[in-house]
Amino acid sequence: AQSVTQPDIHITVSEGASLELRCNYSYGATPYLFWYVQSPGQGLQLLLKYFSGDTLVQGIKGFEAEFKRSQSSFNLRKPSVHWSDAAEYFCAVVPTGGGNKLTFGTGTQLKVEL
Amino acid sequence: DTAVSQTPKYLVTQMGNDKSIKCEQNLGHDTMYWYKQDSKKFLKIMFSYNNKELIINETVPNRFSPKSPDKAHLNLHINSLELGDSAVYFCASSSNTAPEAFFGQGTRLTVV
């Protein structure tokens, strides 16, 4: 079955530390891949996206993500976390077979310790 | 100059009432969506419209009825509200040529 998995429900990091949030997908063909962030009480903001080409993509707010076909993964990274990065992070996919149905993972809540 | 705007932001109502949530996008997108976020933050698509035509209708009670008067607007009407309808409802839009979706700020619906 097609699915998007975020194995970590909660992650806590210290401010200034590096961050990696995991995302795995299970689709027949590589889907379009996205990371969204939801700050408390806010809507969802697109951080970055991968359609094709260079497997390392840069996004807003200093985030980057790496697509690894062999691992069916699209992990989000940031070299140095700021306290304002505390939020819920969602990996999402759109199948490339047509239609724009965006399917989300279950989310990872990031807490930042000062 | 908000790209996707939805109203109201908060909605508190009693069981059995009927309510509507409105959504407008000024991005010129062709497709609009309604998503429901439950108390565990899980996001699930409810409906999708492309140029006013319904194209996705997930397993949603028929008490929920979307209406798209034009491609810039997608409203959600809910009849006979139940406690389980309490959630945050997000409107979103995307272009036919680019699959990334842009979201509104959400409407927090509380049924008491």
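Please refer to the structure placed before this passage.
All figures in this text were calculated on a predicted structure; none of them were measured in a lab.

Draft legend 1. Molecular detail of the overall build of chain B. Looking only at helices and strands, one finds zero helices and eleven strands in chain B. Mapped from its N terminus to its C terminus, chain B presents α and β elements in the order β-β-β-β-β-β-β-β-β-β-β. Here chain B has a C-alpha radius of gyration of 13 Å; the compact-globule value for 112 residues is 13 Å, and the two agree. In chain B, buried positions account for 46% of the 112 residues. Put simply, of all contacts in chain B between residues at least 6 apart along the chain, 53% involve residues at least 24 apart. Working note: accessible area of chain B is about 5,600 Å², and carbon and sulfur atoms make up 50% of it.

Draft legend 2. Representation of the interface of chain B and chain A within the structure. Taken together, the contacts link 20 residues of chain B with 20 residues of chain A. Carbon and sulfur atoms supply 57% of the area buried between chain B and chain A, which totals about 1,700 Å² over both sides. Taken together, chain B and chain A are joined by three salt bridges. In this structure, Lys49(A) and Glu100(B) form a salt bridge, with 2.5 Å as the shortest nitrogen-oxygen distance.

Draft legend 3. Inspection of the side chain of Gln25(B) at higher detail. Residue and element names in this part refer to chain B. Counting through the fold element by element, Gln25 comes out in strand β3 (residues 19–25). Among the polar contacts listed, one links the side chain of Gln25 to the backbone nitrogen of Gly28, at a separation of 3.2 Å. Within the local environment of Gln25, its side chain forms a polar contact with the backbone oxygen of Lys71, the two atoms lying 3.1 Å apart.

Draft legend 4. Representation of the pairing of strand β2 (residues 10–13) of chain B in the model. Residue and element names in this part refer to chain B. Every second residue of β2 is oriented toward a common face, the buried set being Leu11 and Thr13 and the non-buried set Tyr10 and Val12. Sheet topology places β2 next to strand β11 (residues 107–111); four bridges connect them, and they run parallel. Counted as the bridge partner of Val12 is Thr110 from β11.

Draft legend 5. How the structure looks around the packing of aromatic side chains. Counted by the stated rule, this structure contains 16 aromatic pairs over all chains. On the numbers, 5.7 Å between centres and 55 degrees between planes, the contact of Tyr36(A) with Phe104(A) is tilted. Here Tyr36(A), found in strand β5 (residues 32–38), pairs with Phe104(A), found in strand β11 (residues 103–104); they are 68 residues apart in sequence, far enough to count as distant. When the ring of Phe64(B) is compared with that of Tyr89(B), the centres are 6.3 Å apart and the planes differ by 35 degrees; the resulting orientation is tilted. Of this pair, Phe64(B) sits in strand β7 (residues 64–70) while Tyr89(B) sits in strand β9 (residues 87–95), and the two are 25 residues apart along the sequence.

Parameters at a glance
- The residue numbering used here restarts from 1 in each chain and proceeds along that chain's sequence as written.
- Labels are handed out in written order, letters beginning with A for the chains and numbers beginning with 1 for the ligands.
- Whole-chain, interface and lining totals are the exception, using all residues; otherwise, since this is a predicted model, local features are given only for residues with pLDDT of at least 70 and side-chain atom pairs are given and counted only at 80 or more.
- Heavy atoms throughout the structure, all of them, feed into the side-chain values; hydrogens and water do not.
- Segments assigned H or I by DSSP are reported as helices when at least four residues long, segments assigned E as strands when at least two residues long, and all are numbered from the N terminus.
- Restricting the calculation to C-alpha atoms gives the radius of gyration, and the globule rule supplies 2.2 Å times the number of residues raised to the power 0.38.
- For every residue, the accessible area (1.4 Å probe, protein chains only) is compared with the maximum for its type, and the residue is labelled buried under 20%, exposed over 50%, or partly exposed between those bounds.
- Here a residue-residue contact requires only that any non-hydrogen atoms of the pair lie within 4.5 Å.
- The accessible surface values rely on the Shrake-Rupley method and a 1.4 Å probe; as for residues, cover is taken only from the protein chains in view.
- Buried area: the sum, over both parts, of the accessible surface (1.4 Å probe) that disappears when the two are put together.
- A side-chain nitrogen of Lys or Arg and a carboxyl oxygen of Asp or Glu constitute a salt bridge if their distance falls within 4 Å.
- Within 3.5 Å is the distance limit for a polar contact, defined as a pair of N or O atoms, with the added protein rule that one can donate a hydrogen and the other accept it, and that residues adjacent in sequence qualify only through two side-chain atoms.
- DSSP-based pairing: two strands are paired if at least 2 bridges between them are found.
- Between the rings of Phe, Tyr and Trp (Trp by its six-membered ring), a pair exists once the centres lie within 6.5 Å; its type follows the angle of the planes, with under 30 degrees stacked, over 60 edge-to-face, and the other angles tilted.

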